[in-house]
Amino acid sequence: MDGSGSRTETLRRHFREAFARDAGAAYRDWFRAQEELREDGDAQTARELSDDLWERRETLVFGADSDRARFLHNLAVFLGSPGPAASLPRARHAFSAALAHFEAEEDGGWISRTVHNFATAISNLGESGADLEESERLFEKALSWRTEEREIARAVTLHNLGLALRRHAELAPGRAAELLAESAERLDEARGIRERLGLDEGRARSLFHRGITLARLAEAGGDGALGEAQACLSAAADAFEQIGKHDSAAAARQLLAR
């Protein structure tokens, strides 16, 4: 057995034993191991560990149904994020099971968190306009929970919805101008909240992504979009510089120069 195979078998045995002892604690260690595997570029081991956990998920013992639902949510977030073990079908399954529990319990906090992360997973991994439309519907559902009374969370959802709309424009070029205009609007809503609350890094990120969206809108023929894009990217570069995010500032200036 080669070194990679030995590492895989060692980790598989370790995590099978750990999940049998305490599934909640084991997942935290498993997730850290996955991050290390990503940094090492060991995609095969990452996928095999994910496959093994997925196949054994129903056998895991939790102290309460709510603990199982939170585990499924966290696993779904991992599966719905880009990476060697990403799987939208598996993420859908796990998110749906977790959401069914939280909705039955009328747990608004977990409902909004799960719906938001479900939408983000689809926007990350979806491959069709229909997928992105589903993502947008879920983000809107999350916003029905993340009201003005929960502005920090609302800004996160608005920002991610803006990104989803921009990706949808890539998949539906016939609707690009419409979708990009809405993306810019949602990102500006997120920027406004973050600016009012003094969330400097979040504000900079929303400015940066609004600038990208507006640049693409200009390419699609949007009147006045290029000037707005330049203003957003310039403001984003300054905002990143002020908080010490020099690489991000440089990225904004590079886009501005184009």
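Residues numbered from 1 in each chain as written. Predicted model: local features only at pLDDT ≥ 70, side-chain atom pairs only at ≥ 80, totals over all residues. Heavy atoms only, no water.

Kindly report on the pattern of salt bridges, identifying the contributing residues and their values.
Counted by the stated rule, this structure contains 27 salt bridges. The partner of Arg203 in a salt bridge is Glu195, with the nearest N and O atoms 2.9 Å apart. Looking at Arg203, the relative accessible area reads 23%, which means it is partly exposed. Judged by its relative accessible area of 42%, Glu195 is partly exposed. Between Glu241 and Arg253 there is a salt bridge, with its nearest N and O atoms 2.9 Å apart. Residue Glu241 is located in helix 11 (residues 225-242), and its partner Arg253 is located in helix 12 (residues 246-257); the two are separated by 12 residues in the primary sequence. With a relative accessible area of 29%, Glu241 lands in the partly exposed category. With relative accessibility at 37%, the residue Arg253 sits in the partly exposed group. Where salt bridges share partners, they join Asp188, Arg191, Glu195, Arg203, Arg210 and Glu228 into one cluster. (Salt bridge = Lys/Arg side-chain N within 4 Å of Asp/Glu carboxyl O. Buried < 20%, exposed > 50% of the residue type's maximum accessible area, 1.4 Å probe, protein only. Helix = DSSP H or I, 4+ residues; strand = E, 2+ residues; numbered from the N terminus.)

I'd like to hear about the packing of helix 11 against helix 12, residue by residue, with values.
Running from amino to carboxyl end, helix 11 crosses helix 12 at an angle of 160°, the nearest separation of the two axes being 8 Å. Judged by the inter-axis angle, helix 11 sits roughly antiparallel to helix 12. Crossing handedness for the pair helix 11 and helix 12: left-handed. Residues Gln230, Leu233, Ser234, Ala236, Ala237, Asp238, Phe240 and Glu241 of helix 11 form the contact with helix 12, whose participating residues are His246, Ser248, Ala249, Ala252, Arg253, Leu255 and Leu256. Along the lines of polarity and charge, the residues of the contact of helix 11 with helix 12 split into 8 nonpolar, 4 polar and 3 charged. (Axes fitted to C-alpha atoms, helices over the stretch in contact; angles between N-to-C directions. Parallel < 35°, antiparallel > 145°, perpendicular 65-115°, else oblique. Left-handed = near helix turned anticlockwise from the far one by under 90°. Contact = heavy atoms within 4.5 Å. Nonpolar A, V, L, I, M, F, W, Y, C, P; charged D, E, K, R; others polar.)

Lay out the packing of aromatic side chains with the relevant residues and their values.
For the coordinates displayed, the defined rule picks out 11 aromatic pairs. Arranged with centres 6.2 Å apart and planes meeting at 70°, the rings of Phe208 and Phe240 form a pair that is edge-to-face. Of this pair, Phe208 sits in helix 10 (residues 200-219) while Phe240 is found in helix 11, placing the two residues 32 residues apart along the sequence. Judged by its relative accessible area of 14%, Phe208 is buried. Its relative accessible area of 5% is what places Phe240 among the buried residues. By way of ring pairs, the aromatic residues Phe15, Phe19, Tyr27, Trp30, Phe31, Phe62, Phe71 and Phe78 are connected into one cluster. For Arg57, the ring lying beneath its charged end belongs to Trp54, and the centroid distance is 3.7 Å. A cation over an aromatic ring shows up here: Arg113 above the ring of Trp110, its NZ or CZ 4.3 Å from the ring centre. (Phe/Tyr/Trp six-rings, centres within 6.5 Å; stacked < 30°, edge-to-face > 60°. Lys NZ or Arg CZ within 6 Å of the ring centre and 35° of its normal.)

Kindly report on helix 6 (residues 108-125), identifying the contributing residues and their values.
Under the 1.5 Å per step criterion, the end-to-end length of helix 6 is 26 Å for 18 residues, consistent within 8% with the ideal 26 Å. A large share of helix 6 lies buried, amounting to 14 of its 18 residues. (Expected span 1.5 Å × (residues − 1).)

Explain the nonpolar core residue by residue, including any values.
Core analysis: the largest hydrophobic core is formed by 73 residues, its most contacted members being Phe19, Tyr27, Trp30, Leu53, Phe71 and Leu75. When residues no more than four places from it in sequence are discounted, the contact partners of Trp30 are Phe15, Phe19, Leu49, Ser50, Leu53, Leu75 and Phe78. (Core = buried A, V, L, I, M, F, W, Y, C linked by side-chain atoms within 4.5 Å.)

Hey, could you go over helix 4 (residues 65-79) for me, with residue numbers and the actual values?
The end-to-end C-alpha distance of helix 4 is 21 Å, a good match for the 21 Å that 15 residues give at a rise of 1.5 Å each. When we look at burial in helix 4, the residues that qualify are Ala69, Phe71, Leu72, His73, Leu75, Ala76, Phe78 and Leu79.

Help me get a handle on the environment of Ser135, residues and values and all.
Among the secondary structure elements, Ser135 is positioned in helix 7 (residues 129-145). A relative accessible area of 0% places Ser135 in the buried class. Ser135 sits 59 residues away from Arg194 along the chain, and the two C-alpha atoms are 23 Å apart. A distance of 2.8 Å separates a polar side-chain atom of Ser135 from the backbone oxygen of Ala119. (Polar contact = N/O pair within 3.5 Å; in protein donor to acceptor, adjacent residues only side chain to side chain.)

Honestly, it's all geometry; don't read function into it.
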